[in-house]
Amino acid sequence: MIAKKGDWVRIHNIVLQPDKRASHLPDDTKKCPLEMWVKGFLVTEEACIDDEVVIETYIGRKMEGTLIEFNPSYQHTFGDYIPELSYIGNQLRAILGGEDSE
Amino acid sequence: MSRDNSYEAIMSRKNEIMKKAVGIDYNEFEREGIAFDYEEMMRKTGYSLDQIIEIEKNTSIGNTPVYELKNLTKLARKLSPSGKGARIFLKDEAANPSGSFKARRAAVSVYHAKKLGYKGVVAATSGNYGAAVASQAAMQGLKCIIIQECYDSMGKGQPEIIEKARKCEAYGAEVIQLTVGPELFYTFLKVLDETGYFNASLYTPFGVAGIETVGYELATWFRENENRDPDMVVVTNAGGGNLTGTARGLRKAGAKGTTIVGASVDLTGLHMASDSQFNKKSFTTGHTGFGVPFSTNPDRSDVPRSAARPLRYMDRYVTVSQGEVFYMTEALAMVEGLERGPAGNTAVTAAFDLAKQMDEDKMIVVQETEYTGAGKHVSAQLSFARENGISIEIGDPVNQVPGENIILPKHPSLIKAKELDMMKLKKSYIKNLKSDKSFSDKELEFIKDETRLSIEEIEKIVEQL
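Residues numbered from 1 in each chain as written. Chains lettered and ligands numbered in written order. Predicted model: local features only at pLDDT ≥ 70, side-chain atom pairs only at ≥ 80, totals over all residues. Heavy atoms only, no water.

By the naming in an unreviewed UniProt entry, chain B is PLP-dependent lyase/thiolase, taken from Vallitalea longa.

Under an unreviewed UniProt entry, the name given to chain A is 2-amino-4-ketopentanoate thiolase subunit alpha, and the organism recorded is Vallitalea longa.

Written out as structure tokens, the structure reads:
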């Protein structure tokens, strides 16, 4: 898919390569680069996923990075049904609804 | 000429960048050695309580409702010896425009930034504060950038943080999402340097003074409705600002007899800067990973001197487990009809157990709630925990190991607030001051204010170091 100037996109870039990171980090973190994701309107005339592009964020700042998403949307949800939670309400209502309940 | 933006270059310009970005000359309050004049800083750089009330009123913040949690009180009484079980109250801070008490902190910072002529505000936060700053910036007409620690190196992010990004973007903020690491601070400084925007830090005097209204409103509400001050106020403790501000507000209202209790989720053993442990946390705030280090070393924050100094105000500090908080979040919804976000219910969980230890005629207050929704919900957080290999069990929470399992108490009588040793925290605080020489009289006076220990007690601790 080709994204056009003005489209809402998401970019990614590397802020610090592993060897440029702060010295006092746990070993697992030290091995990874510091990465960044930002959304904005495409400034580049036309671009495909993985192209290096320029965007303008919602507040008007220009940023460069690799195009990774076109019309980025939120995918988070309320999660799965958690059967382990289902006893709680009735347990509490049973305790509260004992002999001195109104 | 373009500036050097390498890690070292930005970090070495830290003081210069900060000075421009907060508009406070912290040197003015430095006294001798480790000592600085905290009250002078709060007075000279902040706003009076009346001014803050006015600023917050302008964007309809505050005067949030107080609920008496009658069913949870009844439950606590059923599980405690006769005559025990204090009345439990809740201040519903989710009723603020951005869905949490953080709107109070943000209102003053954004107001101040605007007054000083800054074009925008920047905050480094994964949480409710980002949403609050973004909301206030939208209301007061400033630009806003929120910087988040959001993903691990696999690009996997906690639903709670992703929800907060959504909320910030809904208010028109630019959200910069990063992988795990303390260099969030580097990015923050770089953005401040590039934009010349205001540092809406949680730890400036504005950020903390904004919360004083919570304490003040509580004291006023209890006097008007119950004819006296609450006996105990429980505050979810992370960076310390919530506790500090609430306690200061209570004091300003003259409520000197109210016991202030900090409550955090126990995440002992999980390293906060570890890429692989990042998503083993099923809580992004209100936990010991922030609560303990920020209490014992408050100036580790993003301003030279933090206005959040919880040891000055905290009478007791308790921890609860994630399973207990998730259980109480369900309880709050199921028997009180209040569906609120889990992190804010840390204090509810602690209060439920503390109420059982208090006499029936006492009153205990939880001073905040937060909004809930997709990503910031018990089922979202538990689903994510399960995806990350954490087992979800029903049993005794005493067996919970952070990062390995989450245990929902099989019965509410198993909910226990664990007491942390305040003396130990105060000792750590003194140890963190790391002075090779002995403290001067002025420095000892400062430590006395910071820890509420006597000079004799402090000297004894210093000797043992």
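Right, picking up where we left off after that structure.
1. Quick word on the overall build of chain B
So the rule is basically this: Runs of H or I in DSSP of at least four residues are treated as helices and runs of E of at least two as strands, each being numbered from the N terminus. Radius of gyration here is computed from C-alpha atoms only, and the compact-globule reference equals 2.2 Å multiplied by the residue count raised to the power 0.38. Remark: exposure states derive from per-residue accessible area (1.4 Å probe, protein chains only) relative to the maximum for the residue type, with buried under 20%, exposed over 50%, and partly exposed in between. Contacts were defined at the residue level, with two residues in contact if any of their heavy atoms lie within 4.5 Å. We score Asp and Glu as negative and Lys and Arg as positive, and we do not count His or the chain ends. Note on charges: their place is set at NZ of Lys, CZ of Arg, CG of Asp or CD of Glu.
The secondary structure content of chain B amounts to 19 helices and 13 strands. Computed over the C-alpha atoms, the radius of gyration of chain B is 21 Å, within 12% of the 23 Å expected from 2.2 N^0.38 for a compact globule of 465 residues. Counting over 465 residues, chain B shows a buried share of 65%. Relative to all contacts within chain B whose residues are 6 or more apart in sequence, the contacts with residues 24 or more apart total 76%. In chain B, the 59 positive side-chain charges and the 62 negative ones have mean positions that sit 2 Å from each other.

2. Observations concerning the domain arrangement of chain B
Note: interface size is frequently given as the accessible area lost on complex formation between the parts. Residues and elements named next belong to chain B. Heads up, the rule is: Where a domain begins and ends is set by an automatic assignment or by a domain database. A pairing counts as a salt bridge when a side-chain nitrogen of Lys or Arg comes within 4 Å of a carboxyl oxygen of Asp or Glu. Whenever two N or O atoms come within 3.5 Å, that pair is a polar contact, provided that in protein one can donate a hydrogen and the other can accept it, and provided that, for residues adjacent in sequence, both atoms are side-chain atoms. When residues are sorted by character, Ala, Val, Leu, Ile, Met, Phe, Trp, Tyr, Cys and Pro go into the nonpolar class, Asp, Glu, Lys and Arg into the charged class, and all the rest, Gly among them, into the polar class.
In terms of domain boundaries, chain B breaks down into domain 1 (7-55 + 100-204), domain 2 (58-97 + 208-419) and domain 3 (433-464). The distance between the C-alpha centroids of domain 1 and domain 3 comes to 32 Å. Each partner contributes residues to the interface: domain 1 has 5 residues there, and domain 3 has 7 residues. Applying the counting criterion to the domain 1 and domain 3 interface returns 0 salt bridges. Remark: the boundary between domain 1 and domain 3 carries 2 residue pairs in polar contact (both at pLDDT 80 or more). Residue classes in the side of domain 1 that touches domain 3 are distributed as 3 nonpolar, 1 polar and 1 charged.

3. Let's talk about the sheet that holds strand β13 (residues 418-419) of chain B
Residue and element names in this part refer to chain B. As a reminder, the rule being used: Any two strands are treated as partners once DSSP identifies two or more bridges connecting them. For helices, the fitted line uses only the C-alpha atoms of the stretch in contact; every axis is such a line through C-alpha atoms, and the angle between N-to-C directions lies from 0 to 180 degrees.
Here 7 strands make up an open sheet; going across it, the order is β1-β2-β10-β7-β8-β9-β13 and the pairing mixed. Unpaired on one side and paired on the other, β1 (66-68) and β13 mark the two borders of the sheet. Strand direction decides the pairing type here: strand β7 (residues 232-236) and strand β10 (residues 363-366), joined by 3 bridges, are parallel. From the neighbouring strand, Val233 faces β10, where its bridge partner is Val365. The sheet contacts of helix α5 (residues 70-78) involve β1 and β2 (87-91), and relative to β2 the element is tilted by about 150 degrees. Sheet contacts for helix α14 (residues 322-336): β1, β2, β8 (259-265) and β9 (316-320); angle to β9, the most-contacted strand, approximately 90 degrees.

4. Overview of the interface of chain A and chain B
Heads up, the condition is: Defined in terms of a 1.4 Å probe, buried area is the accessible area two parts forfeit on being brought together, summed over both.
Residue-level contacts link 44 residues of chain A with 62 residues of chain B. Each partner contributes to the roughly 4500 Å² buried at the junction of chain A and chain B, and carbon and sulfur atoms together form 62% of this total. There are 5 salt bridges connecting chain A and chain B. Close ionic contact of Glu174 of chain B with Arg61 of chain A constitutes a salt bridge, the shortest N to O distance being 2.7 Å. Remark: the boundary between chain A and chain B carries 29 residue pairs in polar contact (both at pLDDT 80 or more). Mapped by element, the contributors of at least two residues to the side of chain A that touches chain B are β2 (8-16), α1 (27-30), β3 (34-42) and α2 (87-96) of chain A. The greatest single-element share of the side of chain A that touches chain B, amounting to 8 residues, is contributed by α2 of chain A.

5. Focus on the UniProt feature "domain: Tryptophan synthase beta chain-like PALP" (unreviewed entry) in chain B
So the rule is basically this: UniProt positions are given in the numbering used here, feature names are shortened, and annotations may be inferred rather than shown by experiment.
The UniProt entry lists residues 60-366 of chain B under the feature "domain: Tryptophan synthase beta chain-like PALP" (unreviewed entry), expressed in the numbering used here. Span residues 60-366 of chain B is 42% helix and 17% strand, its end C-alpha atoms 21 Å apart.

6. Description of the packing of helix α17 (residues 422-432) of chain B against helix α19 (residues 455-464) of chain B
Residue and element names in this part refer to chain B. This is how the line gets drawn: Reported orientations rely on four angle classes, namely roughly parallel under 35 degrees, roughly antiparallel over 145, roughly perpendicular from 65 to 115, and oblique for the rest. In this scheme the crossing of two helices becomes right-handed for a clockwise turn of the near helix relative to the far one and left-handed for an anticlockwise turn of less than a right angle.
Two elements in contact, α17 and α19, have axes whose closest approach is 10 Å; the angle formed by their N-to-C orientations is 65 degrees. Between α17 and α19, the angle falls in the class roughly perpendicular. Judged by the twist between their axes, the crossing of α17 over α19 is right-handed. Here Met423, Lys427 and Ile430 of α17 lie close against α19, whose contacting residues are Glu457, Ile458, Ile461, Val462 and Gln464. Here the residues of the contact of α17 with α19 sort into 5 nonpolar, 1 polar and 2 charged.

7. A word on the side chain of Ser100 of chain B
Of note, Ser100 of chain B is situated in the loop between β2 and α6 (102-115). Beyond its immediate stretch of four places on either side in the chain, Ser100 of chain B contacts Glu93, Ala94, Asn128, Thr369 and Glu370 of chain B.

8. Some remarks on the packing of aromatic side chains
Residue and element names in this part refer to chain B. Put simply, the test is: Aromatic rings from Phe, Tyr and Trp, with only the six-membered ring used for Trp, were paired whenever their centres fell within 6.5 Å, and each pair was classed as stacked if the ring planes differed by under 30 degrees, edge-to-face if by over 60, and tilted otherwise. Two limits define a charge over a ring: the Lys NZ or Arg CZ must be within 6 Å of the ring centre, and within 35 degrees of the ring normal.
Here the structure, examined in full by the defined rule, presents 19 aromatic pairs over all chains. Between Tyr47 and Phe206, the ring centres sit 6.3 Å apart and the planes meet at 55 degrees, which makes this aromatic pair tilted. Pair noted here: Tyr47 is in the loop between α3 (38-45) and α4 (49-58) and Phe206 is in helix α10 (residues 205-209), with a separation of 159 residues, a long-range link. On the basis of relative accessibility, which here comes to 1%, the residue Phe206 falls in the buried class. Put simply, the rings of Tyr47, Tyr111, Tyr118, Phe198 and Phe206 pair up and form one aromatic cluster. Across the ring face of Tyr371, the terminal group of Lys167 is positioned such that the distance to the ring centre comes to 4.4 Å. One cation-aromatic arrangement involves Arg300 over Phe294; the distance from NZ or CZ to the ring centre is 5.1 Å.

9. Section: the pattern of salt bridges
Under the defined criterion, the tally for this structure stands at 37 salt bridges over all chains. The partner of Glu183 of chain B in a salt bridge is Arg21 of chain A, with the nearest N and O atoms 2.7 Å apart. In this pair, Glu183 of chain B sits in the loop between β5 (174-179) and α9 (184-195) while Arg21 of chain A sits in the loop between β2 and α1, so the two residues belong to two different chains. Each of the two residues, Glu183 of chain B as well as Arg21 of chain A, counts as buried. The closest approach of N and O atoms between Arg104 of chain B and Glu217 of chain B, which form a salt bridge, is 2.8 Å. One end of the pair, Arg104 of chain B, is in helix α6; the other, Glu217 of chain B, is in helix α11 (residues 212-226), with 113 residues separating them in the sequence. Of the two residues examined, Arg104 of chain B and Glu217 of chain B, each falls in the buried class. A single salt-bridge network, built from bridges that share partners, covers Glu30, Asp299, Arg305, Arg309, Arg312 and Glu450 of chain B.

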